[in-house]
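Overview (structure and organization)
Here is how the chains run, residue by residue.
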Amino acid sequence: MREQGHEKEHRRGRPRSEAVERAILEAVVTLLEDGVPLGTLSVERIARTAGVGKATIYRRWQGKEELFLDVLREIEPPEPELPGTSALDDLRVMLEAMRQRGLAQRSSTLLHNVVVEMKGQPRLWAEYHRTVIDPRRAMTTELIRRGVAAGELRDDLSVELMNELLIGPMLMRTLYRQGAPLEENLPDQIISAVLQGLRPRT
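These remarks concern the structure in this document. Along each chain, the written sequence defines residue order, and numbers are assigned to residues from 1. Side-chain atom pairs in this predicted model are given and counted only at pLDDT of 80 or more, local residue features only at pLDDT of at least 70, and totals for whole chains, interfaces and linings cover all residues. By convention in this description, side-chain values take in all heavy atoms of the structure and omit both hydrogens and water.

Along the backbone of the protein there are 10 helices and 0 strands. Listing every helix and strand of the protein by position from the N terminus yields α-α-α-α-α-α-α-α-α-α. Its C-alpha radius of gyration of 21 Å places the protein more than 25% over the 17 Å reference for a compact globule of 202 residues. In terms of overall dimensions, the protein has a C-alpha envelope of 85 × 35 × 25 Å along the principal axes. Relative to its full complement of 202 residues, the protein shows a buried share of 36%. Accessibility throughout is a Shrake-Rupley quantity obtained with a 1.4 Å probe, and a residue counts as covered only by protein chains that appear here. Working note: accessible area of the protein is about 12300 Å², and carbon and sulfur atoms make up 52% of it. Counting rule for charge: Lys and Arg are taken as positive, Asp and Glu as negative, and neither His nor the chain ends is counted. In this description, the location of a charge corresponds to atom NZ of lysine, CZ of arginine, CG of aspartate or CD of glutamate. If the 30 positive side-chain charges of the protein are averaged to one point and the 31 negative ones to another, these points end up 5 Å apart. Helix numbers and strand numbers start at the N terminus; a helix is a DSSP run of H or I with at least 4 residues, a strand a run of E with at least 2. Within these notes, the globule rule equals 2.2 Å times the number of residues to the 0.38 power, and the radius of gyration is based on C-alpha atoms. Categorising residues by exposure relies on relative accessible area from a 1.4 Å probe, with only protein chains included: less than 20% of the type maximum marks a residue as buried, more than 50% marks it as exposed, and the intermediate range marks it as partly exposed.

For the rest of this paragraph, the subject is the nonpolar core. Among buried residues, the Ala, Val, Leu, Ile, Met, Phe, Trp, Tyr and Cys ones that are joined through side-chain atoms within 4.5 Å form a nonpolar core. With 32 residues, the main nonpolar core has Ile24, Val28, Ile46, Ile57, Leu67 and Met118 as its most contacted residues. Sorting the residues of this core by element identifies helix 2 (18-33), helix 3 (43-50), helix 5 (64-75), helix 7 (109-119) and helix 8 (122-149) as the ones contributing at least two each. The dominant element in this core, judged by the number of residues it contributes, is helix 2, at 8 residues. The residues touching Ile46, leaving out its near neighbours within four places in the chain, are Ile24, Ala27, Val28, Leu31, Ile57, Leu67 and Phe68. One finds Met162, Leu166, Ile167 and Ile191 within the second-largest nonpolar core, a separate group that totals 17 residues. Residues count as neighbours in contact if any of their non-hydrogen atoms are within 4.5 Å of one another.

This part is about the environment of Glu81. In this fold, Glu81 is placed in the loop between helix 5 and helix 6 (87-107). Residue class for Glu81 comes out exposed when judged on its relative accessible area of 77%. A C-alpha to C-alpha distance of 8.1 Å links Glu81 and Val93, two positions 12 residues apart in sequence.

Okay, here's the thing in structure tokens:
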């Protein structure tokens, strides 16, 4: 019996298979959908729900924060593939991805609740910014540098200011004005308004 039990633990705990990782991620989602608060989820309960041992989880994630971040990435819309045709085209794709994430948070109660709960956990929220938000910001900043170098954008303003002018309106509508419209042509509206400015047409 002991040998069979050892074989079972080896079979379910050691292989670094996608099926095992999927079972763990889905276990977290199941628990959250059942109303278990993010802050009270334990590794023990996640392991029990997934049908694995705690060690199996710790071999893949250093702690709950890393696991929760992967869960959030699973239920968020995927990162976009940039066409690479021009900096402005790539910026338009990035803005569209932000719009889609905003729509997803509005339509998915689970995603909305997870984001809200994360904001109440400083360590987890800081890790989310470090591993998810900051790389996205770095990507848009690099796209703007490309636009300046290619002559698509003016070169007498700081890259940070141009990044905020382009990304700020979408962030305002997706994060701070939950009822604001997120129409399909919003990325084009933002880019057009920033490029043309707010002066009346003559």
